[in-house]
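# Understanding the architecture of this molecule
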Amino acid sequence: MTISLTLRTTILISLIILTCSNRCISHPRLASRLIHSKSIKTQELPKKNTGYLHPKPPPASRLDNMWTTVNIISHVTPITRPAAFLANISIGDPPVPQLLLIDTGSDLTWIQCHPCKCYPQTIPFYRPSRSSTYRDASCEPAPHAMPRISHDERTKTCQYYLLYRDNSSTRGTLAEEKLTFQTSDDGLVSKQNIVIGCGQDNSGFTQYSGVLGLGPGKSIVTRNFGSRFSYCFGSLTDRTNPHNILTLGDGARTEGDPTPLHIFQDRYYLDLQAISLGQKLLDIKPDVFKRYGSQGGTVIDTGCSPTILAREAYDTLFEEINFLLGDVLTRVKDWDQYTKPCYEGNMKANRLGFPVVTFHFAGGAELTLDFESLFVESEDGESFCLAMSMNTFDDMSVIGAMAQQHYNVGYDLLTMNVYFQRTDCEILDS
């Protein structure tokens, strides 16, 4: 959507952040190399990825028998509205390249299946009727499972339905398909009979083909990749960076500082203990970040764009940030610290010297947010907004995709640790 007026553009950015917030904190969540989402508008993908988007059929020796001897990766592309990273994975036989939103906040991997009631996407649709490896999946309904599934007696298929709090949704058939990935040595490897959702009625999404669910429940990770994965995210605004990468299985990069991982209701919870701005440790009670039963806690969720904080944490951090910016920058018209925390001026020109925000986790791990991870710029470059929101629904805090830029994040569901390593992804990709 293009809005020419500066004010309307600023409002649009604010609304995007707020809309994503609703989706991030809905409960339950219904809903390679990394591809920056902004780049898929024109399909100007990094040259290094071109061969993967149009792969030659992989030799039989590099299929299922190779899973324990090579690193399974996906090239990742970023998009900026909403801020997200997309994995490049080919589906079916012949393989059809698809761009899937990387989502650690949900379990089901689903794609749009043509013909369908579909939202527009930027690459060709996957058509199950043209795939020789498509199969209907068996149906094992559970009372509290997400997605909700049911057996259709008429079609003899298993139907699923996912609804987000912002009313985006996907409905369709559970299926089994062959997924093709790239390997770390620039080869291709395929895995048969992976359960996916074949979305036939989808709304509220944009650009990408579907969602790659990497949650801790019955997801592609726990079913097929030994409960280990990692991703390295560069800058969301760098559409040509070929080094964003998702790694699945034993080759996952679990380096850097670990912090304990807790799983509850198919979400990844971390022990966030404090927040600092520059050298100043903010006066926030540690209990603000703790989970009590099904309430509160801190979740790490790449399917969420901004950072979401519980009210006390947001108010305290915002007061400090606004103290630094409010006296030197002009607030936009109708400025509001909760719904429109935006300032006039060029984002790049005002970032010099601004202190970083650091999240401090149990075990000593830290996640540092620089200016690029804290703010989002309007399309005309004349204003920028805080890329954080206050949780208006409950006390849960969410660490979204924007906060994880310039980090390699590793998950090990066997040792129950998450690893944070601030790095240049090109170093890990060399």
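Just so you know, these numbers come straight off a predicted model, no measurement behind them.

### Looking at the pattern of salt bridges
If charged atoms from side chains of opposite charge come close, those side chains can pair. This structure, assessed with the given rule, holds seven salt bridges. For the salt bridge of Glu-320 with Lys-280, the shortest nitrogen-to-oxygen distance reads 2.9 Å. In this pair, Glu-320 is assigned in helix 4 (residues 311–325) and Lys-280 in strand 17 (residues 280–281), connecting sequence segments 40 residues apart. We note a salt bridge from Asp-370 to Arg-422, for which the minimum N-O separation is 3.1 Å. Placement of Asp-370 in the loop between strand 24 (366–369) and helix 5 (371–374) and of Arg-422 in strand 30 (residues 417–422) is noted, with a sequence separation of 52 residues between them.

### Describing the side chain of Thr-368
Following the sequence through the fold, Thr-368 ends up in strand 24. Accessibility expressed as a relative area gives 16% for Thr-368, which makes it buried. Discounting chain neighbours no more than four positions away, the residues touching Thr-368 are Val-356, Val-357, Thr-358, Tyr-407 and Arg-422.

### Here's the deal with helix 4
The terminal C-alpha atoms of helix 4, which comprises 15 residues, lie 21 Å apart, in line with the 21 Å expected from a rise of 1.5 Å per residue. Taken together, the buried positions of helix 4 are occupied by Ala-313, Tyr-314, Thr-316, Leu-317, Phe-318, Glu-320, Ile-321, Asn-322 and Leu-325.

### Side note on the sheet that holds strand 16 (residues 272–277)
Overall, antiparallel pairing links the four strands, which are arranged 17-16-23-24 in an open sheet. The strands lining the two open edges of the sheet, one partner per strand, are strand 17 and strand 24. When strand 16 meets strand 23 (residues 357–361), the two strands line up antiparallel, connected through five bridges. Looking at strand 23, one finds that Ala-274 is bridged to His-360.

### Some details on the sheet that holds strand 26 (residues 383–386)
Sheet architecture is open: three strands sit in the order 22-26-25, paired in antiparallel fashion. For this open sheet the edge positions go to strand 22 (342–344) and strand 25 (375–377), each flanked by a neighbour on one side alone. Neighbouring strand axes in the sheet, compared pairwise and without regard to direction, differ in orientation by 25° on average. In the sheet, strand 25 pairs with strand 26 via three bridges, with the strands oriented antiparallel. Paired with Val-376 across the two strands is Cys-385, which belongs to strand 26. The strands touched by helix 4 are strand 22, strand 25 and strand 26; relative to strand 26, the strand with the most contacts, the crossing angle is about 155°.

### Focus: the pairing of strand 12 (residues 228–233)
With six of six residues buried, strand 12 lies mostly within the body of the structure. Here strand 12 shows two buried faces, one formed by Arg-228, Ser-230 and Cys-232 and the other by Phe-229, Tyr-231 and Phe-233. Two elements, strand 12 and strand 29 (residues 407–412), share six bridges in a ladder whose sense is antiparallel. In the sheet register, Cys-232 faces strand 29, and the bridge partner there is Asn-408. In this structure, strand 12 lies alongside strand 13 (residues 245–248), joined through four bridges in antiparallel fashion. Residue Ser-230 lies in a different strand from strand 13, and its bridge partner there is Thr-247.

The rules behind the values
- Residues numbered from 1 in each chain as written.
- Predicted model: local features only at pLDDT ≥ 70, side-chain atom pairs only at ≥ 80, totals over all residues.
- Heavy atoms only, no water.
- Salt bridge = Lys/Arg side-chain N within 4 Å of Asp/Glu carboxyl O.
- Helix = DSSP H or I, 4+ residues; strand = E, 2+ residues; numbered from the N terminus.
- Buried < 20%, exposed > 50% of the residue type's maximum accessible area, 1.4 Å probe, protein only.
- Contact = heavy atoms within 4.5 Å.
- Expected span 1.5 Å × (residues − 1).
- Pairing = 2+ DSSP bridges.
- Axes fitted to C-alpha atoms, helices over the stretch in contact; angles between N-to-C directions.

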